[in-house]
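The chain contents come next:
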Amino acid sequence: MQSSAQPLLRMEGVSKRYGGVRALEKADLVVNAGQIHAILGENGAGKSTLIKVLSGVVAPDAGRIMYDGAEVTFASPAAANRAGIVCIFQELSLIPDLSVADNISISNPPRRLGMIDRSAQRRIAEEAMARAGAQDIHPLALVKDLPLSRRQMVEIAKALARNPRVLILDEATSALTAADVAKVFVVLKRLRDEGLSLLYISHRMHEIAELADRCTVFRNGSNVATYAAGTKSDNEVVEMMIGREYSHVFPPKIKAPADAALPLLEVRNLSWTDRLRDISFSARAGEVVGLGGLDGQGQRELLLALFGVLRGVRGEIRVGGANVAPASPHAAKDKTIGMALIPEDRKTEGLMLPMSVRENLSFAALGRVSSGGIIDHDKERGLIGEMIDLLAIRTASIDGPVGALSGGNQQKVVIAKWLMTEPRIILLNDPTRGIDVGTKQEIYQLLRRLADSGAAIVFYTTDYDELIGCCDKALVLYDGAIKRVLEGSEITERALIASALNIAAAPYDAAAARQ
Amino acid sequence: MSDWRYKLSENRATLLAFVFFIVMFGIYSSNHPAGFNANVVQTAANKGVLLALVAMAQTFVVVTAGIDLSVGMVFVLANCLASWIVVGSPATAALGVIGVLACGLICGAINGMIVIYGRLQPIVTTIASGAVFFGIALLLRPVPGGDVYGPLADALTGRLFGAIPASLVALLAVIVVVWIPYRRSAIGRAAYAVGSSEPAAFMSGVPVQGAKFCAYLLSGLIASVAGLFLTFVTYSGEASSANGGSYTLFSIAAVVLGGVSLFGGSGSAIGAVFGALMFRTIGDLLFVFNLDPLWQPLFQGVVLLAAVCVGSARLFQVRNRLELFG
């Protein structure tokens, strides 16, 4: 019988950098056997890198991991699995066309005479499903025929079939129904009592309160506090998560000219599958509206829905007072609507990398530079010249491939390409991810200039700094719905984090802070 | 009882192909001027088995979400090679058979290496390699001719016990010896996993590259078995590009009719075999109903197009249109 406070896993001074970005900085973590250990932190605090290091997906640059009394390094997820560290990732790892039983034994099917022993495989699946509390799922059912919440249960069963000693759950309950969450919690508590270590990453504070024994808060890639669950109030937790270093310079915000101005973009009761729920907001000309919240709460889908990419969107979209229902990006960029979307991934959705800067810049605005279907090269060059000056794009020649430019300049090309269509409404999907600080600042200034010249801007960013520094209004999304609208000086890191976690933030207690 | 339902649904496409084939063949043989007799069945079987084997070869690759457009050319190459080396005494003929099968394995290995290590798209790789295979076939047999070891050919294309076509028995043997063990092996499971979701397969520690390589290898092997069989039927070798092209095309029609998804991850070679037999029977039906043979290629093209359309119907359910390009 193991004592309940014996450390099973210990990370010491683990650091990891991606290019110039430090994801983990001398992080320490002690995980005991027989405990559920919650990891808390805002976007970019280092949670996911921590998991990747532990489960062998990435190798740390420095530091060491002690497991079961010995130093270990895992070359691959499979190696970590063999050692008993199993991770349930947010993105499902199930194979849709195979049965539940096939999936559970996928990495090491039981064999007899070189062939897969189906009855043994069936037994393993049934045991694992029973352990996960999901006996209602038939082992021969195909994964693609199961609803999302059932698939998540299979994912948990698959992890249990590997007999883990450390089980890492990364937002593993986000797709589950309330009834399933309750069942999973019973299972997780039983596993804890069996002596397993569970690392539980979730943004749902009430789940953590119900489940965790210990909590560790991460900030800027380091652990800032570890405490026994229940000893800190929600407010104190938010306090620990605050304290990101401010490194950007933002242009001054100018109050949108007139409150009387009609909203340029108005969205009412927008819903799509279960990813967007009843979203209503408006954006005036001259206003920069930020979308905040933890990553993956429906912000991307909202932008895609506005831009006509999604099918089956319900609700109203009004532009300049008129009802519109863009059926495709082609319709959305039409003069009558005048939308532009700067997509998330410039390499796949923004640019045709092998094609020239000139061609890339013209794609969205070919209608403007051609007459009778023929591209007018002089007109094209003129417009492109203006854009290159406006955004200060550094390129040797406009006829060189856009793939040869630096990341920051590529991103400028994506933005310029859409400015060529003279949009009234500019949607941006995390436009500063992975680009250098200098270009970031140029983009902030450009956004403000565009707003000043009469555009409405809807801006999704995972960086709270940008919400605070750039936006006149911030909508905080949680689980596909707008949980809070912050305006002007209400946009603070504290308010953003509290509303992103969907907990009520107490007003800042100046007296407590002085102590 | 519930198990039974899942197993049925897993094999639904194969069973459907089987039922369709039986119905069509029933209509065909009952309208055949000679009626339903052993001769009609034997002729139909010998023709059908050729396409069935090529379709089976195609299935291995299609299951991994790839496509092998060289199957028809491997088939022709094996035919030309067999017309040189499967001759003489029983011993030399046996060595010849081994040589032909080895040739198929080499062709498959070349495709697999280029797709996996060259990271080229299967469609481009196999069109190019198919052209090379055909070129070699043409050098081997600039004009149709050659011979084959008679007793073996007669045994495999004749009848057993005066009624059962030997070619069907040979086809059954290939299924039992190659397909069924493959389907139940870990590498076969991996092939389905790769075809269904390559990232999920990779993240689950499935041997992605090994599974693909094995699929191309077996595709080449079975295509060469088909080529061998063609030699037994015709007693000669012929480097016919028309033959190679149409067998490749028909093999795709056959796998789709047999319920193998062109998107990978589902379907069975047994379904593809019935798909092939069905496709052949469609052609025969036109013949017994006295349609102008000139119409046959057009009709076969329409069947292929319709089958492929039905196979992609699920794309209408995609709600996020960015996923259409994934």
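In every chain, residue numbers begin from 1 and rise along the written sequence. Whichever chain is written first is A, and whichever ligand is written first is 1; the rest continue in order. Side-chain atom pairs in this predicted model are given and counted only at pLDDT of 80 or more, local residue features only at pLDDT of at least 70, and totals for whole chains, interfaces and linings cover all residues.

### Some words on the overall build of chain B
Each helix and strand counted, chain B has 14 helices and 2 strands in total. Just to be clear, the radius of gyration here is over C-alpha atoms, and the globule rule we use is 2.2 Å times residues to the power 0.38. Its C-alpha radius of gyration of 20 Å places chain B within 12% of the 20 Å reference for a compact globule of 326 residues. Oriented by its inertia axes, the alpha-carbon framework of chain B measures out at about 55 × 45 × 40 Å. Each residue is classed by its C-beta neighbour count within 10 Å, where at least 20 other C-beta atoms makes it buried, 12 or fewer makes it exposed, and intermediate counts make it partly exposed; the C-beta atoms are placed from backbone geometry. Within chain B, the fraction of its 326 residues that count as buried is 48%. In this description, any two residues whose backbone-derived C-beta atoms lie within 7 Å of each other are considered to be in contact. Contacts in chain B between residues far apart in sequence, at least 24 positions, make up 77% of those at least 6 positions apart. Where helices and strands are cited, they refer to DSSP runs of H or I of at least four residues and of E of at least two residues respectively, numbered from the N terminus.

### A closer look at the environment of Ala 79 of chain A
Residues and elements named next belong to chain A. Here Ala 79 lies in helix α2 (residues 77–83). Judged by C-beta crowding, with 15 C-beta atoms within 10 Å, Ala 79 ranks as partly exposed. Discounting residues that sit within four places of it in the chain, Ala 79 has contacts with Gly 56 and Phe 74.

### Here's the deal with the domain arrangement of chain A
For every domain, the bounds stem from an assignment made automatically or drawn from a database. Here chain A is described as being made up of domain 1 (7–241), domain 2 (261–338 + 424–502) and domain 3 (348–422). Each of domain 1 of chain A and domain 3 of chain A has a C-alpha centre, and these two points are 45 Å apart.

### Details of the packing of helix α12 (residues 241–257) of chain B against helix α14 (residues 296–311) of chain B
Residue and element names in this part refer to chain B. Interaxial angles span 0 to 180 degrees and are taken between N-to-C directions of axes, which are lines fitted to C-alpha atoms, for helices over the stretch in contact. One way to put it is that α12 packs onto α14 with a least axis distance of 9 Å and a crossing angle of 45 degrees. Of the possible angle classes, the one that applies to α12 and α14 is oblique. Handedness of the crossing formed by α12 with α14: left-handed. Between α12, through Leu 249, Ile 252, Ala 253, Val 256 and Leu 257, and α14, the contact on the second element is made entirely by Val 303, Leu 304, Ala 307, Val 308 and Gly 311. When residue character is reported, Ala, Val, Leu, Ile, Met, Phe, Trp, Tyr, Cys and Pro are called nonpolar, Asp, Glu, Lys and Arg charged, and the others, Gly included, polar. Taken together, the residues that form the contact of α12 with α14 break down as 9 nonpolar, 1 polar and no charged. In what follows, roughly perpendicular refers to angles from 65 to 115 degrees, roughly parallel to angles under 35, roughly antiparallel to angles over 145, and oblique to any angle outside these ranges. Each crossing is labelled by how the near helix is turned from the far one, with a counterclockwise turn of less than a right angle marking it left-handed and a clockwise turn marking it right-handed.

### Description of the interface of chain A and chain B
Where interface size is quoted, it is often the accessible area lost as the parts come together. The partner chain B presents 25 residues to the 25 residues of chain A that form the contact. For the side of chain A that touches chain B, the secondary structure elements donating two or more residues are α2 and β8 (115–116) of chain A. Residue composition of the side of chain A that touches chain B, grouped by class: 15 nonpolar, 6 polar and 4 charged.

### Notes on the sheet that holds strand β17 (residues 322–324) of chain A
Residues and elements named next belong to chain A. Strand order in the open sheet formed by 4 strands is β14-β13-β16-β17, and the pairing between neighbours is antiparallel. The two strands at the open ends of the sheet, each matched to only one other strand, are β14 (276–284) and β17. Strand-to-strand twist in this sheet, taken as the mean axis angle between neighbours without regard to direction, amounts to 20 degrees. Across 3 bridges, the pairing between strand β16 (residues 314–319) and β17 is antiparallel. In the strand pairing of β17, Val 319 is matched with Ala 322. Sitting on the sheet, helix α9 (residues 299–306) is in contact with β13 (263–272), β14 and β16, with an inclination near 65 degrees to β14. A pair of strands is labelled paired if DSSP reports no fewer than 2 bridges between them.

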